[in-house]
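Architecture and fold: a report
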Amino acid sequence: MAEETVQETPTSEAAETVIPEGDATDAQTNDRPNAYSFAGLLLGGWAALMIVFTLIAVVAMSVVGAFAG
């Protein structure tokens with residue numbers, strides 16, 4: 001049988017960085033979106049949608065009132 005040679009790539013220890021535990025938890029919490037900004041986005045979207053629906057209803061009632069009235 002033929003011998004198989006395995007080439008090992010040299011690893012540099014400087015490339016591996018160790019993150020302290022306090023920094024790791026800070027990095028994880030900073031990646032999360034702010035709950036209040038998300039709630040504000042949902043509330044603002046809902047309010048804008050209600051305004052659009054109200055305007056559509058006003059126009060529809062005006063058109064129906066013009067024909068019926």
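Higher on the page you've got the structure.
The sections below set out a description of the structure shown in this document. (Residues numbered from 1 in each chain as written. Predicted model: local features only at pLDDT ≥ 70, side-chain atom pairs only at ≥ 80, totals over all residues. Heavy atoms only, no water.)

1. Structural notes on the overall build of the protein
Selection criterion: Only DSSP runs of H or I with at least four residues qualify as helices, and only runs of E with at least two residues qualify as strands; both kinds are numbered from the N terminus onward. Burial here depends on accessible area, computed with a 1.4 Å probe over protein chains only, as a share of the maximum for the residue type. Under 20% is buried, over 50% is exposed, and the range in between is partly exposed. Note that accessible areas follow from Shrake-Rupley with a 1.4 Å probe, and for residues the cover is restricted to the protein chains shown.
The helix and strand tally for the protein stands at two helices and zero strands. In the protein, which comprises 69 residues, the proportion classed as buried is 0%. When the accessible surface of the protein is summed, it comes to about 7000 Å², and 65% of that surface belongs to carbon and sulfur atoms.

2. A short note on helix α2 (residues 35-68)
How we decide: Expected helix span is taken as 1.5 Å per residue step, with the number of steps being one fewer than the number of residues. Under this definition, polar contacts are N or O atom pairs within 3.5 Å; protein pairs additionally need one hydrogen-donor-capable and one acceptor-capable atom, and for neighbouring residues in sequence, both atoms have to be side-chain atoms.
With 34 residues, α2 ought to run about 50 Å at 1.5 Å a step, and its terminal C-alpha atoms sit 49 Å apart, in line with that. With a side-chain oxygen positioned 3.3 Å from the backbone nitrogen of Y36, the residue opening α2 is N34.

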